[in-house]
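Residue strings, one per chain:
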Amino acid sequence: MNDTTARQRLLPLGAAAVTVVLWASAFVSIRSAGDAYSPGALALGRLLAGSLVLGAICLIRREGWPPRTAWRGIGLSGLLWFGVYMVVLNWGEQQVDAGTAALVVNVGPLLIALLGARLLGDPMPPRLLAGMAVSFAGAVTVGLSMSSGGGSSVLGVLLCLLAAVGYACGVVAQKPALGGASALQVTTFGCLVGAVVCLPFTGRLVHEAAHAPASATLNMVYLGVFPTALAFTTWAYALARTTASRMGATTYAVPALVVLMSWLALGEVPGVLTLAGGVLCLAGVAVSRSRARSARPAGATAQEPHPERVR
C-alpha cells in the first residue's frame, strides 16, 4: 500500500521533471534552428516529426481514437498550443534571446491559474493574486530591459507574451479532455491538429530544408521527438493527476534552466535587468505556491481529479 502510494506520487513528479528539462532545452534548440528556418516552417517540421513518433507509438499500443467528449479540448489545445503557440514562440525567439523568451513565456502559468479558477473551478486564494501581480511586474521589467535594443526587441517580448496566452489557453482546454482520453491520445491528436494548422507553411519548409545546414534540421527533428512527442505526453500524464494551476507552476523552473543551457550552448546571458525581471517572476510563483501549501488543513489531502485510465 505504501509502495503504491509512493509510486502514485512519484510518477507524476518524475513526468513533470522530464517535461521541464525538455521544454527548457526547446528554447535553446529553437534559437539554434531559427537562423535557417522561418517560424512557420520550423513549427510545421517540429509538429510533423512529433506526429510521426506519436502516431507510431499509438499504433503499437493500439490506442485508437479519443472519445467524442474529448475532441473539443483536443482541438482547442491543438490549435492554440501546438499551432499558434509554436509559430509565435519561434518568431519571438528571432527577436530576443532564449533566456528572455523563457522568462516572458513563463507568465503563462499565472494565466493558467487565473483561467483554471474561472473555467475549471481551481482554487484562487488572495496570495495567488498577489503572486500574479509580482510575476507580471517581472514580465514588464524584462520587456523594459529589451526595449533599448529597438522595436524588434519590443516586438519579441510582445510575441512571447502572446505565446504565453496561447500556452495558458491550450492547457486549460486540454485538462477536461484528459478526463476521458489517455495522455498519449490527447498529445497525439493535439499534435496532429497543430500540424494541420501549420500546413500553409509547407512550401517554405520544403524550400528551407533544402538549404538548411544539417545541424538546424537535426534541431528541428529533436524539437519534434523530445520536447514535443515525449515532453507533451509526460506533461499530459502529470496534468491528468493534478490541477492545471499546480501543474502550470512547475514550469517556473524552466527559465533558470534555459539561462544555463543558453549560456553553455549559445553563449547568451541575459542582462542584469532581464535577470531581475526573471527573479520577480519566480518570486511571484513562490508567493502563490506558499499560500497553496499553508491553506491546506492539517491532515487533509489535496483534492485531485480522478486519474485518466492507464493503458
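This text gives an overview of the structure that appears in the document. (Residues numbered from 1 in each chain as written. Predicted model: local features only at pLDDT ≥ 70, side-chain atom pairs only at ≥ 80, totals over all residues. Heavy atoms only, no water.)

Taken N-terminus to C-terminus, the directions of helix 8 (residues 183-197) and helix 10 (residues 214-239) make an angle of 135 degrees; their axes are 8 Å apart at the nearest point. Between helix 8 and helix 10, the crossing angle belongs to the class labelled oblique. Our pair here, helix 8 against helix 10, has a crossing hand that is right-handed. Residues Ala183, Leu184, Thr187 and Cys191 of helix 8 form the contact with helix 10, whose participating residues are Thr228, Ala229, Phe232, Thr233, Ala236 and Tyr237. Here the contact of helix 8 with helix 10 is built from residues that sort into seven nonpolar, three polar and no charged. (Axes fitted to C-alpha atoms, helices over the stretch in contact; angles between N-to-C directions. Helix = DSSP H or I, 4+ residues; strand = E, 2+ residues; numbered from the N terminus. Parallel < 35°, antiparallel > 145°, perpendicular 65-115°, else oblique. Left-handed = near helix turned anticlockwise from the far one by under 90°. Contact = heavy atoms within 4.5 Å. Nonpolar A, V, L, I, M, F, W, Y, C, P; charged D, E, K, R; others polar.)

What follows concerns empty space enclosed by the protein. Enumeration over the complete set of coordinates arrives at one cavity of 30 Å³ or more. The calculated volume of the largest cavity comes to roughly 170 Å³. Looking at the largest cavity, it is lined by 14 residues, and the ones nearest its centre are Trp23, Phe27, Tyr85, Leu89 and Val105. Contributions of two or more residues to the lining of the largest cavity are made by helix 1 (2-33) and helix 3 (71-92). The element best represented in the lining of the largest cavity is helix 1, accounting for four residues. Class assignment of the residues belonging to the lining of the largest cavity gives a composition of eleven nonpolar, two polar and one charged. (1 Å grid on protein atoms, 1.4 Å probe; cavity = no way out; pocket = protein on both sides within 12 Å on 5 of 7 lines; lining within 4 Å. Points joined across faces, edges and corners; volume = space filled by probe spheres on them.)

With that out of the way, let us pick up helix 5 (residues 108-120). What helix 5 keeps buried is the set Gly108, Pro109, Leu110, Leu111, Ile112, Ala113 and Gly116. Gly121 sits one or two positions beyond helix 5 and adopts a positive phi of about 80 degrees. (Buried < 20%, exposed > 50% of the residue type's maximum accessible area, 1.4 Å probe, protein only.)

All right, on to unusual backbone geometry then. The phi angle at Arg62 is positive, at roughly 55 degrees, despite the residue not being glycine. Counting through the fold element by element, Arg62 comes out in the loop between helix 2 (39-61) and helix 3.

Turning next to the side chain of Ser38. Topologically, Ser38 is positioned in the loop between helix 1 and helix 2. In contact with Ser38, other than residues within four places in its own chain, are Gln94, Arg204 and Glu208.

Relative to each other, helix 3 and helix 10 sit at 130 degrees, their axes nearing to 14 Å. By the angle between their axes, helix 3 is oblique relative to helix 10. Judged by the sense of rotation from one axis to the other, the crossing of helix 3 with helix 10 is right-handed. In contact with Trp81, Phe82 and Met86 of helix 3, helix 10 contributes Thr228, Phe232 and Trp235. A class-by-class count of the residues in the contact of helix 3 with helix 10 yields five nonpolar, one polar and no charged.

Glancing now at helix 3. When the terminal C-alpha atoms of helix 3 are compared, their 29 Å separation across 22 residues agrees well with the 32 Å that a helix rising 1.5 Å per residue should span. Tyr85 marks where helix 3 bends most, by close to 35 degrees. (Expected span 1.5 Å × (residues − 1). Bend = angle between axes of the 7 residues up to and from the residue.)

The next thing to look at is the side chain of Thr234. Here Thr234 is to be found in helix 10. For Thr234, the side chain forms a polar contact with the side chain of Thr19, separated by 2.6 Å. Among the polar contacts listed, one links the side chain of Thr234 to the backbone oxygen of Ala231, at a separation of 2.9 Å. In this structure, Thr234 is in contact with Ala15, Val18 and Thr19, ignoring residues within four places of it in sequence. (Polar contact = N/O pair within 3.5 Å; in protein donor to acceptor, adjacent residues only side chain to side chain.)

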